[in-house]
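An overview of the molecular structure
So the chains spell out like this:
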Amino acid sequence: DSTSMISEAALTGKPIYVAEIPTKKNDSRIKKFIELFTKLNIIKDLQNPIEDWNYKKLNETDRISGYIEKQFKDYDFS
């Protein structure tokens, strides 16, 4: 029920099944999140048959630190 819980689980590279529970309001942020993680093959709907699959583990710390490091390299401190 939480995008942060799903994101943390995605760090493991293990299959993640998500039960989509109907909401009272239309939350486009969560809908976009679910669509992206489905497209990246990170999550599957709990109603799907149980299977084992792989995906590229998320490693946002390395991705963001690389971006920051590049910004510092390109910056003229003089």
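All values reported here derive from a predicted model rather than from experimental measurement.

Turning next to the side chain of Lys-44. Along the chain, Lys-44 falls in strand E2 (residues 43-45). Judged by relative accessible area, which is 17%, Lys-44 ranks as buried. The residues touching Lys-44, leaving out its near neighbours within four places in the chain, are Ile-16, Tyr-17, Val-18, Glu-51 and Trp-53.

Glancing now at the pattern of salt bridges. Tallying each qualifying case throughout the model produces three salt bridges. Of the charged contacts in the structure, one is a salt bridge between Lys-44 and Glu-51, with a shortest N-O distance of 3.2 Å. Classification of Glu-51 as partly exposed rests on a relative accessible area of 39%.

Here we take up helix H2 (residues 28-39). Taking 1.5 Å as the rise per residue, H2 with twelve residues should run 16 Å; its terminal C-alpha atoms sit 16 Å apart, in good agreement. For H2, the full list of buried residues reads Phe-33, Ile-34 and Phe-37. When H2 is viewed along its axis, its buried side chains cluster within an angular range of 95° and face the same direction. H2 presents Lys-32 and Lys-39 as exposed residues on the side facing more than 90 degrees away from its buried surface.

Here we come to the environment of Pro-15. Tracing the backbone shows Pro-15 in the loop between helix H1 (3-10) and strand E1 (16-18). Given the relative accessible area of 29%, Pro-15 is considered partly exposed. Pro-15 has contacts with Glu-51, Asp-52, Trp-53 and Tyr-55, leaving out every residue within four places of it along the chain.

What counts, and at which threshold
Residues numbered from 1 in each chain as written. Predicted model: local features only at pLDDT ≥ 70, side-chain atom pairs only at ≥ 80, totals over all residues. Heavy atoms only, no water. Helix = DSSP H or I, 4+ residues; strand = E, 2+ residues; numbered from the N terminus. Buried < 20%, exposed > 50% of the residue type's maximum accessible area, 1.4 Å probe, protein only. Contact = heavy atoms within 4.5 Å. Salt bridge = Lys/Arg side-chain N within 4 Å of Asp/Glu carboxyl O. Expected span 1.5 Å × (residues − 1). Arc of directions from axis to C-beta.

Function cannot be read off these values alone, since they describe shape.
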